[in-house]
Amino acid sequence: MALWTIHGNGRTVEPGAVVRPDERLSWPATIAIGVQHVVAMFGATFLVPILTGFPVPTTLLFSGVGTLLFLLITRNRLPSYLGSSFAFIAPVTAATAAHAVGGDSGIGAALAGIVAVGVLLAVIGVVVHVAGVKWVDRFLPPVLAGTIVALIGFNLAGAAYGNFSKSPVTATFTLAITIVFAVLFRGFLGRISIFLGVIAGYVFAGFQGELDFTAVDKAAWVGLPTFHFPDFGTPSVWSGIAMFLPVVLVLIAENVGHVRGVATMVEDPEINAQTGRALIADGVSTTIAGLFGGSGTTTYGENIGVMASTRVYSTAAYWVAGIAAILLSLSPKFGAIINSVPPGVLGGITTGLYGLIGVIGIKIWVDNRVDFSRPVNQYTAAVALVIAVGGFSIAIKDSGFVLGGIVIATVAAIVVYHGGNAIARLRRSGADDPRPLQAVGPMGGDPA
């Protein structure tokens, strides 16, 4: 494992210079930057368990553990924080709703899907490490990557309205103040506008008499998180795992984009050689989280933003961030406070947040200049998005096997794109995607 060398005088970063992954500033400065990374991931990482009903301390614990595993597996050469992935929200919500009976929250079914995604992602990481990343570039070109990310976000529109309608006044205030923060603040504060919006909405909900601190009063200051385990024994769980598989494509694109983004910012193309290891690391992290009750993980754009603003890419800062997250997870009272966020605040935040996930997909199209004058590209996006937004489903009668909108839309996008290109190129009709199939550009991770 690489050792850190002191950058310059250890206190400042010279104009035009960056602190590389194998360098660090003084330990006080490194600790401060590491804690800043924890703050940066707060808004997004906490929202996922709140929205899905997962225990916040457990998710935070495995977020920290996953970050440390990521650093180990990538041999301390790739800076990254692994936070909760928003791509899991839709399938987790569907799985828990389908299997919640009596006192069973259905979390075991959701965890089984998370484990399946983690294992598959790790296997793909091994393939990429051995065979290279070009096959991923060909299978997941910009129009497909953008479509899959967009459909996962827009599929959640109904869930956002469900919370919004429970307290429209609080939800409207939360959404409005979040937008104000996003356009008012620059730099770091602008990147955590959703986190700030939740805080403001929470205070407003307090004035509205919507806060309940019963669970907070009962929670201990120090204690282990609550653990849950995946349910692989119920037959219907296996049919539900299918709706988790499209998430793998999103995680691949996010990890590949993260690696390329870091390589570009530190001007070191050799970092791209860590792509396979990054996929393996995220797969292992997601698997372990799913085995014990945490949310699935991914690399985080919020932390990329912190690195870009500080010009500090030292992996030492991420060791600090991972350890700090683990320590925070050992306070049940802290988790209870996070869980006390009322539905109105969640409704306001998710109205913007789920839309932002969809817009990230559209941004991939724009950044890669996808040619939507070609029928193959048009129908790839059009068919998939309508299926996702409309909540299409396929159920096999009397079997309990149901495919949801995300699965159907993802399969449709892949079939339309690759099948349509094959036919158009065979016939030379000019309806195919004219661009060379190239890598997905940096995606920026989940919004925060």
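Computed from a predicted model, the values in this text were never measured in an experiment.

Draft legend 1. View of unusual backbone geometry. The residue Arg75 is not glycine, and still its phi comes out positive at about 60°. Positionally, Arg75 belongs in the loop between helix H2 (56–73) and strand S3 (82–84). By relative accessible area, Arg75 is classed as partly exposed at 33%.

Draft legend 2. Spatial organisation of helix H20 (residues 405–427). End to end, H20 covers 32 Å across 23 residues, agreeing with the expected 33 Å (1.5 Å per residue, within 8%). Trailing H20 by a residue or two, Arg428 shows a phi angle of about 55°, which is positive.

Draft legend 3. Fine view of the packing of aromatic side chains. A complete count under the given rule lists seven aromatic pairs for this structure. With a centroid separation of 5.0 Å and 75° between ring planes, the pair formed by Trp365 and Phe372 is classed as edge-to-face. A relative accessible area of 11% means that Trp365 is categorised as buried. The class for Phe372 is partly exposed, based on a relative accessible area of 30%.

Draft legend 4. Just the packing of helix H6 (residues 142–154) against helix H13 (residues 246–265), in detail. Contact geometry of H6 with H13 gives a least axis separation of 10 Å together with a crossing angle of 120°. Between H6 and H13, the interaxial angle falls into the category oblique. In terms of crossing hand, the pair formed by H6 and H13 is left-handed. The residues of H13 that touch H6, namely those facing Ile148, Val149 and Ile152, are Pro246, Leu249 and Val250. Counted by class, the contact of H6 with H13 contains six nonpolar, no polar and no charged residues.

Draft legend 5. Region of interest: H6. Taking 1.5 Å per residue as the helical rise, H6 with its 13 residues ought to reach 18 Å, and the 18 Å between its terminal C-alpha atoms agrees with that figure. With respect to burial, H6 is a largely interior element, 12 of its 13 residues being buried. Buried residues of H6: Pro142, Val143, Leu144, Ala145, Gly146, Thr147, Ile148, Val149, Ala150, Leu151, Ile152 and Gly153, and no others. Next to the buried residues of H6 lie helix H5 (134–139), helix H7 (157–164), H13, helix H18 (343–367), helix H19 (375–390) and H20.

Draft legend 6. A look at a nonpolar patch on the surface. The grouping of Val119, Val123, Val127, Trp135 and Phe139 at the surface amounts to a nonpolar patch, some 400 Å² of accessible area in total. If you list the elements that add at least two residues to the nonpolar patch, you get helix H4 (107–131) and H5. The leading source of residues in the nonpolar patch is H4, at three residues. Along the polypeptide, Val119 turns up in helix H4.

Rules used in this analysis
- Residues numbered from 1 in each chain as written.
- Predicted model: local features only at pLDDT ≥ 70, side-chain atom pairs only at ≥ 80, totals over all residues.
- Heavy atoms only, no water.
- Helix = DSSP H or I, 4+ residues; strand = E, 2+ residues; numbered from the N terminus.
- Buried < 20%, exposed > 50% of the residue type's maximum accessible area, 1.4 Å probe, protein only.
- Expected span 1.5 Å × (residues − 1).
- Phe/Tyr/Trp six-rings, centres within 6.5 Å; stacked < 30°, edge-to-face > 60°.
- Axes fitted to C-alpha atoms, helices over the stretch in contact; angles between N-to-C directions.
- Parallel < 35°, antiparallel > 145°, perpendicular 65-115°, else oblique.
- Left-handed = near helix turned anticlockwise from the far one by under 90°.
- Contact = heavy atoms within 4.5 Å.
- Nonpolar A, V, L, I, M, F, W, Y, C, P; charged D, E, K, R; others polar.
- Patch = residues over 30% accessible without salt bridge, like charges linked within 9 Å, V, L, I, M, F, W, Y side chains within 5 Å.
- Areas by Shrake-Rupley, 256 points an atom, 1.4 Å probe, with all protein chains shown as cover.
- Salt bridge = Lys/Arg side-chain N within 4 Å of Asp/Glu carboxyl O.

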